[in-house]
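Understanding the architecture of this molecule
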Amino acid sequence: MNSSYRQEDVTLLLKDITGLVEPLSTKEREVQIQAGRSYCEMLPKEYVPSEKYLKAYERALENETDRTAAAVRACAERIYQAKGDKVVLVSLARAGIPIGILLKWYLKGKYSIDVPHYGISIIRGRGIDHNAMRYMLERHAAEDLQFVDGWIGKGAILTELQGELAAYPDVSAELAVLSDPAGLTELCGTHEDFLIPSSCLNCTVSGLVSRTFLRTDIIGEKDFHGAAYYGELSADDRSYEFLDTIAARFQEAPELPSVTLSHSGLEETQRIAEHFEISDINLVKPGIGEATRVLLRRLPWKVLVREDAQDDPALSHLYQLAKEKDVPVEPYPLQNYKACGVIWQLRDV
């Protein structure tokens, strides 16, 4: 799979489908998703950031560098304690890949180990890429695999991962992430809902790689799941700018304060769905990262922000995106999360 990442940083176990799939608009995709088609059978048109939104991203990167670096450090140390020198990082494409690279860099700098790092696909409702699993298990011990993602929202992908890994009894289903406001893993940098700057952009902070794709007319039984490479956006690629900025603060970033959660993120998400009479909980996307993704590639109804976080600089990019897309932002008594995106129920439109 082609990408703008260096080969020594990650091996992408993905089939290159560049030019084989016509990207669809947000509205076209949303109609088909809510009609029952899987999101993995389509590719979205990449959002082209406005100048104002790019400025908001740059402020986010500046403001959140230390918190992100500290979360990488804490997560990497927990991984090392659990797995030791033989750990194999397996990042869930695509949001997990830049986080996996940062974890790999930290472990190399701190412990002088050059750990293998793969990027593979898992798709809600379709499962993990079993061809990629076979590839890795032919080369590494099952107990050494450590799955990585950027953050946990309400835990849908973690639930998918846990179900899929039942077929691999020696592979741990524990997911390492930087932010886990849902309270579902101990292999996290923090349980705080904070802004990971890479969530603000799509492929231009993810090696110019698309979301993963799975459709039988293009992906054969022996193929890895697919992804497209957006080489035409190379002039706008900020993948290594993000990585280098965070890595430069691994040592100096202050420790993150401890966060104790009183209840699960899924419980809070269910209450939000009930409050707004939303029948499909998948239309409620809690967490700053998930709310950002709703604005970038779904059809948002509204964005909820925690009442005491309305002036938090970490939400400035959300306000900019919401303004551009004419999406209302409302205060709401969120607890685990600082923000939550809510997608239109098209049957109500």
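Preceding this paragraph is the structure being described.
Residues numbered from 1 in each chain as written. Predicted model: local features only at pLDDT ≥ 70, side-chain atom pairs only at ≥ 80, totals over all residues. Heavy atoms only, no water.

1. Regarding the packing of helix α3 (residues 96–111) against helix α6 (residues 239–247)
Where α3 contacts α6, the axes come no closer than 10 Å and their chain directions differ by 40 degrees. In terms of axis orientation, α3 runs oblique to α6. The interaxial crossing formed by α3 with α6 has right-handed handedness. On the side of α3, the interface is formed by P98, I101, L102 and W105, while α6 contributes Y240, F242, L243, D244, I246 and A247. Partitioned by chemical class, the residues of the contact of α3 with α6 number nine nonpolar, no polar and one charged. (Axes fitted to C-alpha atoms, helices over the stretch in contact; angles between N-to-C directions. Helix = DSSP H or I, 4+ residues; strand = E, 2+ residues; numbered from the N terminus. Parallel < 35°, antiparallel > 145°, perpendicular 65-115°, else oblique. Left-handed = near helix turned anticlockwise from the far one by under 90°. Contact = heavy atoms within 4.5 Å. Nonpolar A, V, L, I, M, F, W, Y, C, P; charged D, E, K, R; others polar.)

2. Overview of the nonpolar core
Among soluble globular proteins, nonpolar side chains are generally buried collectively. Ranked by size, the top nonpolar core spans 62 residues in total, and within it V72, L103, L178, F242 and I246 carry the most contacts. Residue assignment for this core shows that the elements contributing at least two residues are α2 (51–83), α3, β8 (175–179), α6, α8 (288–297), β12 (300–306) and α9 (316–325). Ranked by residue count, the leading element in this core is α2, at eleven residues. The residues touching V72, leaving out its near neighbours within four places in the chain, are L102, L103, Y106, L178, I246 and F250. Counting residues in each nonpolar core, the second largest holds 25 residues, with Y118, L158, L175 and C188 among its members. (Core = buried A, V, L, I, M, F, W, Y, C linked by side-chain atoms within 4.5 Å. Buried < 20%, exposed > 50% of the residue type's maximum accessible area, 1.4 Å probe, protein only.)

3. Regarding the pattern of salt bridges
Within this structure, the stated rule accounts for 21 salt bridges. The partner of E30 in a salt bridge is R298, and the shortest N-O contact between them spans 2.7 Å. Of this pair, E30 sits in helix α1 (residues 26–34) while R298 is found in the loop between α8 and β12, placing the two residues 268 residues apart along the sequence. Since its relative accessible area comes to 1%, E30 is described here as buried. Measuring nitrogen to oxygen at the nearest pair gives 2.6 Å for the salt bridge that ties E41 to R126. (Salt bridge = Lys/Arg side-chain N within 4 Å of Asp/Glu carboxyl O.)

4. Considering unusual backbone geometry
Of the consecutive residues A93 and R94, the connecting peptide bond is found in the cis state with omega at 5 degrees. Within the secondary structure layout, R94 lies in the loop between β3 (88–92) and α3. In this structure, S112 takes a positive phi of about 55 degrees despite not being glycine. With respect to the helices and strands, the residue S112 is situated in the loop between α3 and β4 (117–120). A relative accessible area of 65% places S112 in the exposed class. Positive phi, normally seen in glycine, also occurs at D326, with a value near 55 degrees. Residue placement: D326 occurs in the loop between α9 and β13 (329–332). Using a relative accessible area of 70% as the deciding quantity, one classes D326 as exposed.

5. A word on the sheet that holds β13
What the four strands build is an open sheet, ordered β11-β14-β12-β13; its pairing is mixed. Two strands lie at the open edges of the sheet, namely β11 (284–286) and β13, each paired on one side alone. Direction aside, the axes of adjacent strands within the sheet are offset by 25 degrees on average. Sheet analysis places β12 next to β13, joined by four bridges and oriented parallel. For R306, the partnering residue across the bridge sits in β13 and is Y332. Packing of α8 onto the sheet brings it into contact with β11, β12 and β14 (339–343), and relative to β14 it is tilted by some 35 degrees. (Pairing = 2+ DSSP bridges.)

6. Description of helix α5 (residues 156–164)
Every buried residue belonging to α5 is among L158, E160, L161 and E164, and all of these are buried. Mapping the buried residues of α5 onto a view down its axis gives an arc of 160 degrees, with all of them on the same face. For α5, the secondary structure elements touched by its buried residues are β5 (122–123), β6 (127–128), α4 (130–137), β7 (145–148) and β8. (Arc of directions from axis to C-beta.)

7. Some points on the environment of K325
Tracing the backbone through its elements, the reader meets K325 in helix α9. Residue K325 is classed as partly exposed on the basis of its relative accessible area of 31%. Each C-alpha atom, one on K325 and one on L296, is 9.4 Å from the other, the two residues being 29 residues apart in sequence. Once you skip the residues sitting within four places of it in the chain, K325 turns out to touch Y47, L295 and L296. Among the polar contacts listed, one links the side chain of K325 to the backbone oxygen of L295, at a separation of 3.3 Å. (Polar contact = N/O pair within 3.5 Å; in protein donor to acceptor, adjacent residues only side chain to side chain.)

8. Let's talk about the pairing of β14
The two faces of a sheet get side chains in turn, since along a regular strand they alternate between them. Judged by how many residues are buried, β14 sits mostly within the fold: five of five residues are covered. Alternating positions in β14 separate into two faces, A339, G341 and I343 on one and C340 and V342 on the other, with burial throughout. In the sheet, β11 pairs with β14 via three bridges, with the strands oriented antiparallel. Bridged to P286 within β14 is C340. Here β12 pairs with β14 via five bridges, running antiparallel. By the bridge assignment for β14, P300 is matched with I343.

9. Thoughts on the environment of V342
Topologically, V342 is positioned in strand β14. The spacing of V342 and L299 is 43 residues in sequence and 8.7 Å in space, taken between C-alpha atoms. Apart from the residues within four sequence positions on either side, V342 is in contact with I278, L283, P300, W301, K302 and L304.

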